[in-house]
Structure formats: C-alpha cells, structure tokens
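# Chains, contacts and geometry: an overview
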Amino acid sequence: MDIFLQLAIILVCLFYGARKGGVALGLLGGAGLVLMVFTFGLKPGKPPVDVMLTIIAVVAASATLQASGGLEVMLKGAEKLLRRNPRYVSILAPFVTCTLTILCGTGHVVYTMLPIIYDIAIKNNIRPERPMAAASISAQMGILASPVSVAVVSLVAFLAKVPEGTPVIDFVQVLSVTVPSTLAGVLMIGIFSWFRGKDLDKDPEFQRRIADPEQRRLIYGDSTSLMGKTLTAGQWTAMWIFLGAIALVSMLGAFPGMRPVFDGKPMSMVLAIQMFMLLAGTLIILFTPTDASQIGKTEVFRAGMIAVVAVFGVAWMADTVFESHLPTLKAALTDLVKSQPWTYALVLLLVSKLVNSQAAAISAMVPVGLAIGVPPGYVVAYAAAAYGYYILPTYPSDLAAIQFDRSGTTRIGKYVINHSFILPGLIGVGTSCVAGYLLAAAFGLI
C-alpha cells in the first residue's frame with residue numbers, strides 16, 4: 001500500500017508545482033523527496049547530474065545567441081518567407097515555428113513570431129486561428145526534433161545508461177526518428193488548419209465585431225514586422241557560430257570516429273554536446289559585441305534555469321520512489337509494457353500535462369520505463385507523447401497566441417477543453433507517435 005501513497009504524493013507534487021509555475025515544480029519535487037526519505041525510509045535515488053549539466057550548457061549557448069541578437073536574424077528570415085507566401089500561412093507558419101525551435105532548442109522563439117503571423121493572416125482575410133494555433137503547437141513539437149533542446153539531450157543521456165546487454169540508441173538514431181516524425185505531425189497540423197473554422201466573411205461573430213469601427217481598427221491595427229530592422233554583422237556572426245556548433249555536434253553523433261577514444265570507447269555524446277555548446281557561447285562573446293551581463297537576463301536563460309530546477313527535483317523524487325519499488329514494478333508491469341507498449345506513451349502524455357514540460361516528463365518517466373522493461377526503441381518511437389500540455393490551454397505560448405489574436409478566433413471554449421489548440425495538438429502528437437513507431441521499426445530499433 002505504501003507505493004500507492006507515494007505515487008499519490010508524486011502526483012500532488014507534480015500537479016501543485018505545475019499550477020504554481022516557475023521553479024515551484026522542482027522545489028515541490030524536493031519536498032516530496034524529503035517525505036520519501038524521512039517518512040517512508042526510502043533510500044535516496046540519484047539526481048540526474050549529467051542531464052542537468054547538459055541543460056545548463058545548451059541553455060547558456062542559446063541565451064548567448066539571444067543576447068547577441070543572432071536570434072533576430074533567424075526571425076527576420078522566417079518573416080520574409082511568410083510575407084512572400086501569405087496565402088499559405090496556415091501551412092507555412094507551423095513549419096517556420098517548428099524549424100526555429102529545432103535550431104534554437106526552445107519553443108520560446110514563437111512569441112516574437114505570433115504577432116507577425118497574426119498580421120499576415122488578418123491582412124489577407126485568413127482566419128487567424130488557423131496559423132496561430134498551429135504555430136503555437138508546432139513550436140512546442142519542434143523540441144523533440146532539436147539536437148540542442150533540453151528534452152532531447154535528457155532523452156539521449158537516459159538512453160546511454162540502459163542496463164548492460166541492452167543495445168544503446170545513440171544521438172543520431174534518436175534524431176533519425178524524432179525529426180521526420182515531428183515534421184510529419186506538423187504537416188498534418190498544417191493540412192488540418194488550412195480547412196478549420198469558418199472563413200472570416202462567413203463568421204457571424206467576427207462580422208459583428210468588425211461592424212464596430214473601434215473594434216475594426218483594433219483587429220486590423222498596425223503592422224508588426226522585423227522587416228525594417230537593420231541587422232549588424234555581429235548578429236550574423238553569432239547566428240553562424242551557433243548553427244556551426246549544432247552542425248559539429250550532429251557530425252560527431254553521426255561519425256563516432258571523430259570523437260576521442262577513451263578506454264576503448266568514443267567519448268560520450270553527452271559530453272560532446274556540453275563542450276561544444278559552451279564553446280559556441282564563448283566564440284559568440286569573443287567575436288561579437290555581445291554584452292555578457294545580458295545573457296542571464298534573457299528569456300531563454302530564465303526558462304532554461306527553471307527547467308534545470310524542475311528536472312532536478314522531479315527526476316530525483318521519481319527515481320527515489322521507483323528505484324525502491326523496482327522489483328515489484330517489474331513483476332507487475334513488464335508483461336503489460338511489452339505486450340502493449342502504447343500504455344507507456346499514454347502515461348508519458350498524462351505526466352507531461354501534469355508537469356507542463358517535455359524535459360520534466362522525460363526525466364520522470366524515461367528512467368522508470370527503461371527500468372521496468374520498456375524497450376528503448378519504443379521510448380524513442382513514442383517520444384512525441386512527452387508533449388501533452390496542450391490538453392488544457394494553460395501553457396504560456398498558447399495563452400500568448402490567444403492574446404495576440406485580436407480577432408478573437410483563437411480562444412478558449414465555453415467548456416475549457418474545447419479550445420483552439422486541442423485538435424492540432426492531438427493530430428500532431430498522434431501522427432508523430434505513429435510515424436515514430438513506423439520509423440523505429442524500419443530502422444530496426446524495435
């Protein structure tokens with residue numbers, strides 16, 4: 001019976017911590033850990049040090065890119081693409097935001113793009129809900145396809161520690177599944193969004209709103225754009241340094257022979273990611289006029305450090321409980337997860353909703369899944385299920401999309417669950433999981 005009470009404590013910590021926001025999730029995980037050790041007498045598990053250090057290195061490099069202004073180069077290029085093809089904004093916008101996330105490792109880049117996407121849609125009489133909701137969902141889906149995202153580096157680090165005798169799925173194999181499966185999901189989101197909702201000229205609610213001259217001015221408003229912004233040589237240099245580091249990391253993953261050999265084995269990709277991300281940040285500071293004091297003040301740095309605390313508390317608490325009950329859990333669940341591995345994906349999806357973080361969900365559930373016998377191939381195949389926080393419209397990027405859409409078409413429904421993001425989320429994640437399974441099978445991972 002103790003295990004059920006301990007699981008209930010974990011769920012309370014996850015749910016309450018997620019509701020409080022910020023670093024509360026990690027702190028509540030620490031509070032739960034104290035209860036497990038001092039009340040139930042469980043042996044403390046191991047905090048995910050490798051994962052946390054990798055997150056810190058990646059976040060430091062990404063925040064340096066943002067502080068240097070290099071991120072604006074990518075954003076301006078994305079806007080240029082959208083404004084040249086306004087009719088196709090409902091399909092292009094989700095690919096643009098997903099690609100930006102893949103390159104930068106964080107979905108927070110979507111905030112700058114949302115007002116631009118809205119402006120393009122409304123000025124071309126396209127229902128803003130179509131590209132806005134799709135862009136918000138796709139930005140978060142891109143996290144599982146990014147070689148420098150917290151979620152992916154965490155997943156790779158956990159897969160590197162599978163029990164002896166189990167084939168290790170490396171960095172490149174993970175991305176060979178998650179990148180195409182993510183893009184397949186984004187494509188289905190775009191196709192769905194092209195047709196969703198009423199056209200603006202046939203939407204009585206929208207027509208009622210623009211009948212008021214003041215509301216019409218508010219809805220159509222002034223253009224939001226980066227097109228008139230002059231980019232400096234330093235910004236371009238910072239962007240190319242960052243992209244070059246990503247390319248080098250990818251090459252080291254694809255060609256293990258490029259890595260130094262120690263004790264007969266190529267150096268771990270986890271260490272390679274850490275080194276080259278720190279190097280990227282160093283080079284940006286050395287070769288661009290970046291104010292290093294601003295790096296810690298960026299949105300990317302703030303969000304990344306919150307992720308570190310969340311992973312620290314949540315993963316340590318979960319590891320303590322599940323490691324203590326591992327024999328019981330293996331006996332009870334091994335046959336189930338082997339015969340019906342989709343149950344792992346479902347649990348991962350629900351945990352993600354509770355913690356509002358793909359990295360935290362992966363940190364909490366991947367070690368548990370591997371320990372109770374979920375084959376590593378299925379862990380990779382269903383990685384997209386780590387994104388479940390679209391189920392309720394509480395995530396900042398979704399709320400931002402609602403606020404930026406002055407037309408009112410992107411909204412929370414009367415019953416809360418029937419909001420603008422639920423269908424794109426279900427379609428995107430569902431498609432990615434199916435595609436991930438097929439790709440993992442084709443590559444011989446399952």
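Here, the structure is the one placed above.
Computed from a prediction, not measured in an experiment: that's the story for all the values here.

## So, the overall build of the chain
- Tallying secondary structure elements over the chain gives 20 helices and two strands in all.
- Taken over C-alpha atoms, the radius of gyration comes to 22 Å for the chain, in line with the 22 Å a tight globule of 446 residues would show.
- Oriented by its inertia axes, the alpha-carbon framework of the chain measures out at about 70 × 50 × 45 Å.
- Counting only residues that meet the buried cut, the chain has 54% of its 446 residues in that class.
- Per element, the accessible surface of the chain, about 19,100 Å² overall, is 66% carbon and sulfur.

## Comments concerning the side chain of T64
- Tracing the backbone shows T64 in helix α3 (residues 49–68).
- Since its relative accessible area comes to 4%, T64 is described here as buried.
- Setting aside its immediate chain neighbours within four residues, T64 contacts G281, I284, I285, T290 and I295.

## Overview of the packing of aromatic side chains
- Evaluation of the coordinates by the stated rule reveals seven aromatic pairs.
- Relative to W194, the ring of Y88 has its centre 5.9 Å away and its plane inclined at 25°; by these criteria the two rings are stacked. Of the two residues, Y88 sits in the loop between α4 (70–84) and α5 (89–104) while W194 sits in helix α9 (residues 171–195), which places them 106 residues apart along the sequence.
- By relative accessible area, which is 31% here, W194 ends up partly exposed.

## Brief notes about the pattern of salt bridges
- Tallied over the entire structure, the rule returns nine salt bridges.
- In this structure, D119 engages R83 in a salt bridge whose closest nitrogen and oxygen atoms are separated by 3.1 Å. Residue D119 is found in helix α6 (residues 110–123), and its partner R83 is found in helix α4; the two are separated by 36 residues along the sequence.
- Taking the shortest distance from any N to any O, the salt bridge between R208 and E205 comes out at 2.7 Å. Placement of both R208 and E205 in helix α10 (residues 204–210) is noted, with a separation of three residues, approximately one turn of the helix.

## Re unusual backbone geometry
- A positive phi angle, near 55°, is found at N125, a position not held by glycine.
- Within the secondary structure layout, N125 lies in the loop between α6 and α7 (129–141).
- The backbone of D263 shows a phi angle near 55°, a positive value even though the residue is not glycine.
- As for its placement among the helices and strands, D263 is situated in the loop between β1 (261–262) and β2 (265–266).

## A word on the nonpolar core
- M113 and M277 are the most contacted members of the largest nonpolar core, which has 136 residues in total.
- If near-sequence neighbours (up to four positions away) are discounted, M113 is found in contact with L75, A78, E79, L82, V96, T97 and L100.

## Regarding a nonpolar patch on the surface
- Residues Y88, L187, M188, I191, W194 and F195 make up a contiguous nonpolar surface patch of roughly 570 Å² in combined accessible area.
- The partly exposed category is assigned to Y88, whose relative accessible area is 39%.

## Here we look at helix α14 (residues 299–324)
- Look at α14: 38 Å from first C-alpha to last across 26 residues, which is about the 38 Å you get at 1.5 Å a residue.
- Its side-chain oxygen 3.2 Å from the backbone nitrogen of F301, T298 forms the N-cap of α14.

## Observations regarding the side chain of S193
- Within the secondary structure, S193 is located in helix α9.
- Given the relative accessible area of 0%, S193 is considered buried.
- Not counting the four nearest positions on each side in its chain, S193 is found in contact with S90, R130 and A134.

## A look at the environment of A160
- With respect to the element layout, A160 can be found in the loop between α8 (150–159) and α9.
- Classification of A160 by relative accessible area gives partly exposed; the value is 43%.

## Considering α3
- With 20 residues, α3 extends 29 Å from end C-alpha to end C-alpha; this agrees with the ideal 28 Å at 1.5 Å per step.
- Immediately downstream of α3, the backbone of G69 shows phi near 90°, a positive value.

## Some words on the packing of α6 against helix α19 (residues 396–404)
- Here α6 crosses α19 at 25°, and the two axes come no closer than 10 Å. If you check the angle between α6 and α19, you find them roughly parallel. Judged by the twist between their axes, the crossing of α6 over α19 is right-handed. Taken together, the residues of α19 that come into contact with α6 (itself represented by V110, Y111, L114, P115 and Y118) are P396, S397, A400, A401 and F404.
- Tallied by class, the residues present in the contact of α6 with α19 amount to nine nonpolar, one polar and no charged.

Calculation rules
Residues numbered from 1 in each chain as written. Predicted model: local features only at pLDDT ≥ 70, side-chain atom pairs only at ≥ 80, totals over all residues. Heavy atoms only, no water. Helix = DSSP H or I, 4+ residues; strand = E, 2+ residues; numbered from the N terminus. Rg over C-alpha atoms; globule rule 2.2 N^0.38 Å. Buried < 20%, exposed > 50% of the residue type's maximum accessible area, 1.4 Å probe, protein only. Areas by Shrake-Rupley, 256 points an atom, 1.4 Å probe, with all protein chains shown as cover. Contact = heavy atoms within 4.5 Å. Phe/Tyr/Trp six-rings, centres within 6.5 Å; stacked < 30°, edge-to-face > 60°. Salt bridge = Lys/Arg side-chain N within 4 Å of Asp/Glu carboxyl O. Core = buried A, V, L, I, M, F, W, Y, C linked by side-chain atoms within 4.5 Å. Patch = residues over 30% accessible without salt bridge, like charges linked within 9 Å, V, L, I, M, F, W, Y side chains within 5 Å. Expected span 1.5 Å × (residues − 1). Polar contact = N/O pair within 3.5 Å; in protein donor to acceptor, adjacent residues only side chain to side chain. Axes fitted to C-alpha atoms, helices over the stretch in contact; angles between N-to-C directions. Parallel < 35°, antiparallel > 145°, perpendicular 65-115°, else oblique. Left-handed = near helix turned anticlockwise from the far one by under 90°. Nonpolar A, V, L, I, M, F, W, Y, C, P; charged D, E, K, R; others polar.

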